[in-house]
Amino acid sequence: MKTLKIAIASGKGGTGKTFVATNLFNALLHAKMPATIVDCDAEEPNVHLFFEGTPVKNSDVFQNVPVIDESLCTHCGRCHEYCSYNAIFHVPSLKVINVMEELCHGCGACFVACRDNAIHAKQKSLGSVTQIMINDQSCFIEARTRIGVYSSVKVIKAAIAEAKTDSFVILDSPPGTSCPFIQTANLSDFVVLVTEPTPFGLSDLKQSVETLSQMNKMMGVVVNKSGIGNTEVYDYLKEKNIPLLMEIPFSRDIAKAYSTGVLITSNDKNQRNNFLELFEKIRQQLWKSQS
Amino acid sequence: MEVAIISGKGGTGKSSVAASLASIARNILLADCDVDAANQYLLFQPQHTEEQNFISGQKAVIDYSACTRCGKCIDHCGFEAISEVDGKVTISEITCDGCRLCMRICPAQAISMIDNNKSRLYCGTFRHGHMVYGRLAPGEENSGRLVSLVRGKAKQVATENNCDMILYDGPPGIGCPVISTITGIDKVVIVTEPTLSGKHDLERALDTVFHFRIFAMVVINKHDLNPEITKGIRQYCNLNNVPVVALLPFDPIVTEAMVNGKSYVEYAPQAEISLLTENIWKFIQNEKP
């Protein structure tokens, strides 16, 4: 089968992105469909709170950072000049040269710059990727960055690369519209934007839609907590011709159940059907575009 | 004094609490560091006094009349951003990190860099003082650097206008933009909610704040949604010697106020949540870290 990767994303945090991702995945599990969920919110991974399974693999994700051998360094300053991230601190007059690992992006320019063989690479761990089998055809993969690491992109990409190619893949995307979100969206076939019908929700939705439009990504919207706020979000979707895939009414009971780690699709067949319907709507959008 | 409101998890009500704190203050400088999804300007509609371009980074582009397809750039790119597509060396705009290595090593000098320049920094005045905020253009990056710029500008504007307090509305998560927001400030207020995700993210946010040795206090928003987890969060904070300065109730008035273009303290000053938020404000001002 052809892999289908669906990213669940939102510009604004707390709109229910993980709620939709975990319940969609859970509905697929109950329907005995092969599925993988990848928690790409590597700064604040939360999917693990909802699923149990057997850990089968745990690996660190590394980045190369330079180590400067001061006995060979001639203080020519070329590495400092080549570094676009200000990660090499150099005071030639004092013969001081230091690598600031937190700022290094691992581009490798300094290695190319050095003519004195004074720079070699060291591996620095950025985070880890854990794979947990839920049953013989479905698994959960978590990307988790270390505290204090500037970017989660490399860890996210490594986690997505682990996803089984013969299953439906749900990516719980990081919030926002910057690099981690873009990389996640870029590796997906379809992006579901979860929003809430409030002015903040709409403003952030617009940002996400603009970003995805620039990337020519297919997208659809789930309105969570419908019934609160106002109707501007719906007007916007009509104006932009973006499919409204699902509405989840605001309910204190849903919020309370979710807060304790209980998925609404676990005990409620109707909710399972709602999420399977969401899945089918996404597939139809994709088929429509391909035919 | 510089104070940041952060949350770890998004959607805990951080920006609503920040807006309300700003409404209590007199002559405050409110800086929106959530540059991916700036929202404070929507509520407070500031009168702009200044607008600056922000070069968020650069992207490599190939001059195909000069490219010899030698493939050296493909081998050297540390981000796997360059590949040959249909016989053409192609740089993925999305994956390019702007490191310039390909430009430097290209034997044919066929690669140059162009600026990403659609992001903006704004300054202005609003009904409770001054405002500085950044808006990262969709798809542009380097939000951490834009946050640094917002902070630099905020300090300058605060000094010029004798604002005693700079309040930063921080971004979600614990990555680069959050670190830029809290580095070197006086106090951090973490707004959390009683959900398993909220608690987990609070713990990561607190670790980050401890890493930078900043005084932290916690607000539990929507505390009545799950009393048990609220209790768990209080215990966790207690063990880590972090004060829980307010338990805010779940109140639809928060969304209602937003729809009406107001902070909840402005919209319903006598509501319980508003009175409790005044306590947070007092605590921020009195507590010496």
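Residues numbered from 1 in each chain as written. Chains lettered and ligands numbered in written order. Predicted model: local features only at pLDDT ≥ 70, side-chain atom pairs only at ≥ 80, totals over all residues.

*Asks:* How should the overall build of chain B be read in this particular structure?
*Replies:* The secondary structure content of chain B amounts to 11 helices and 13 strands. Taken along its principal axes, the extent of the C-alpha atoms in chain B is 70 × 45 × 35 Å. Sorting the 289 residues of chain B into buried and exposed places 53% on the buried side. Taking the intrachain contacts of chain B between residues at least 6 apart in sequence as the baseline, contacts between residues at least 24 apart amount to 76%. (Helix = DSSP H or I, 4+ residues; strand = E, 2+ residues; numbered from the N terminus. Buried ≥ 20, exposed ≤ 12 C-beta atoms within 10 Å, placed from the backbone. Contact = placed C-beta atoms within 7 Å.)

*Asks:* Sorry if this is basic, but what is going on with the interface of chain B and chain A here?
*Replies:* It is common to report an interface's size as the accessible area lost on association of the parts. At the junction of the two partners, chain B supplies 48 residues and chain A supplies 49 residues. Where the side of chain B that touches chain A is concerned, the elements lending two or more residues are helix H4 (101-105), helix H5 (143-160), helix H7 (196-211) and helix H9 (253-259) of chain B. Per-element accounting of the side of chain B that touches chain A gives the leading share, 8 residues, to H7 of chain B.

*Asks:* What should I look at first to understand the domain arrangement of chain A in this one?
*Replies:* As assigned here, chain A comprises domain 1 (4-61 + 128-290) and domain 2 (70-117). Between the C-alpha centres of domain 1 of chain A and domain 2 of chain A there is a distance of 41 Å. (Domains from an automatic or database assignment.)

*Asks:* Got a minute to help me understand the pairing of strand S5 (residues 96-99) of chain A in this structure?
*Replies:* Each regular strand shows side chains that alternate between the opposite faces of the sheet. Residue and element names in this part refer to chain A. Sheet analysis places strand S4 (residues 88-91) next to S5, joined by 4 bridges and oriented antiparallel. The partner of Val91 across the bridge, within S5, is Val96. Linking S4 back to S5 in an antiparallel pair, the connection comprises 4 residues, with Lys95 at a positive phi of about 55 degrees. (Pairing = 2+ DSSP bridges.)

*Asks:* Honestly, the nonpolar core in this entry has me stumped. Any pointers?
*Replies:* A general trend in soluble globular proteins is that nonpolar side chains are found buried together. Residue and element names in this part refer to chain B. Judged by nonpolar contacts, the single largest core of 71 residues is most densely connected at Leu29, Ala31, Leu167 and Ile190. By residue number, the principal contributor to this core is H5, which donates 6 residues. What Leu29 contacts, discounting residues up to four positions off in sequence, is Gly129, His130, Val132, Ala154, Val157, Ala158, Cys163, Met165 and Ile166. (Core = buried A, V, L, I, M, F, W, Y, C linked by C-beta atoms within 7 Å.)

*Asks:* What's the story with the sheet that holds strand S1 (residues 2-6) of chain B in this structure? I'm lost.
*Replies:* Backbone-to-backbone hydrogen bonds pair the strands of a sheet. The strands run either parallel or antiparallel. Residue and element names in this part refer to chain B. If you trace the 9 strands from one edge of the open sheet to the other, you get S3-S8-S9-S2-S10-S1-S11-S12-S13, paired in mixed fashion. With one partner strand each, in any of the chains shown, strand S3 (47-54) and strand S13 (244-247) form the two edges of the open sheet. Pairs of neighbouring strands in the sheet enclose a mean axial angle of 15 degrees, with direction left out of account. The sheet contacts of H7 involve S1, strand S11 (187-192) and strand S12 (215-220), and relative to S11 the element is tilted by about 170 degrees. (Axes fitted to C-alpha atoms, helices over the stretch in contact; angles between N-to-C directions.)

*Asks:* When you look at H7 of chain B in this model, what are you seeing that I'm missing?
*Replies:* A rise of 1.5 Å per residue sets the reference length of H7 of chain B, with its 16 residues, at 22 Å; its end C-alpha atoms lie 23 Å apart and thus fit the reference within 8%. Taken residue by residue, H7 of chain B has Ser197, Gly198, Lys199, Asp201, Leu202, Ala205, Leu206, Thr208 and Val209 of chain B as its buried positions. Structurally, H7 of chain B contributes buried residues whose contacts are with helix H1 (17-30) of chain A together with S1, helix H6 (176-182), S11, S12 and helix H8 (227-239) of chain B. Looking at the residues trailing H7 of chain B, positive phi occurs at Arg213 of chain B, about 55 degrees. (Expected span 1.5 Å × (residues − 1).)

*Asks:* Honestly, the domain arrangement of chain B in this entry has me stumped. Any pointers?
*Replies:* By domain assignment, chain B separates into domain 1 (2-55 + 138-286) and domain 2 (57-116). For domain 1 of chain B and domain 2 of chain B, the distance between their C-alpha centroids amounts to 40 Å.

*Asks:* Help me out: how do you make sense of the environment of Gly108 of chain A in this one?
*Replies:* Looking at the secondary structure, you find Gly108 of chain A in the loop between S5 and helix H3 (109-113). Classification of Gly108 of chain A as partly exposed rests on a count of 19 C-beta atoms within 10 Å. A sequence separation of 32 residues divides Gly108 of chain A from Cys76 of chain A, and the C-alpha atoms of the two residues are 18 Å apart. In this structure, Gly108 of chain A is in contact with Asn64 of chain A together with His76, Gly78 and Leu101 of chain B, ignoring residues within four places of it in sequence.

*Asks:* Before we go on, may I ask you to explain the sheet that holds strand S7 (residues 138-145) of chain A in this structure?
*Replies:* All names here are of chain A. Taken together, the 9 strands give an open sheet; going across it, the order is S3-S6-S7-S2-S8-S1-S9-S10-S11, and neighbouring strands pair in mixed fashion. Whereas interior strands pair on both sides, the edge strands pair on one side only; in this sheet they are strand S3 (54-68) and strand S11 (244-249). Across the sheet, the axes of successive neighbouring strands diverge by a mean angle of 20 degrees, strand direction being ignored. Bridging between strand S6 (residues 119-135) and S7 involves 8 bridges; their strand directions are antiparallel. Across the sheet, Gly127 pairs through a bridge with Thr145, a residue of S7. On top of the sheet, helix H6 (residues 199-214) reaches strand S1 (4-9), strand S9 (190-195) and strand S10 (218-226); it is set at about 170 degrees to S9, its chief contact.

*Asks:* What exactly am I supposed to notice about unusual backbone geometry here?
*Replies:* Most of the time, phi is negative for any residue but glycine, and the peptide bond is trans. Its identity is not glycine, yet Asn241 of chain A carries a phi of approximately 60 degrees, on the positive side. Here Asn241 of chain A lies in the loop between helix H7 (232-240) and S11. One non-glycine residue, Arg100 of chain B, lies in the positive phi region at around 75 degrees. Summarising the element assignment, Arg100 of chain B is placed in the loop between strand S6 (88-91) and H4. Exposure remark for Arg100 of chain B: the 18 C-beta atoms within 10 Å place this residue in the partly exposed category.

*Asks:* Which parts of the structure should I look at to understand the pairing of S9 of chain A?
*Replies:* Residues and elements named next belong to chain A. Most of S9 sits out of view: 5 of its 6 residues are buried. As judged from the 4 bridges shared by S1 and S9, these two strands associate in the parallel manner. From the neighbouring strand, Ile8 faces S9, where its bridge partner is Val192. Bridging between S9 and S10 involves 6 bridges; their strand directions are parallel. Within the sheet, the bridge partner assigned to Val194 lies in S10 and is Val222. Note on the crossover from S9 through H6 to S10: the handedness is right-handed. (Right-handed = clockwise from strand over helix to strand, strands pointing away.)

*Asks:* Would you take a moment to explain the confidence of the model for chain A for this structure?
*Replies:* Close reading of the predicted structure is inappropriate where its pLDDT is low. Overall, the predicted model of chain A reaches an average pLDDT of 92, with 99% of residues at or above 70. Mean pLDDT values for the elements of chain A range from 85 in helix H8 (residues 252-259) of chain A up to 97 in S9 of chain A. (pLDDT = per-residue confidence, 0-100.)

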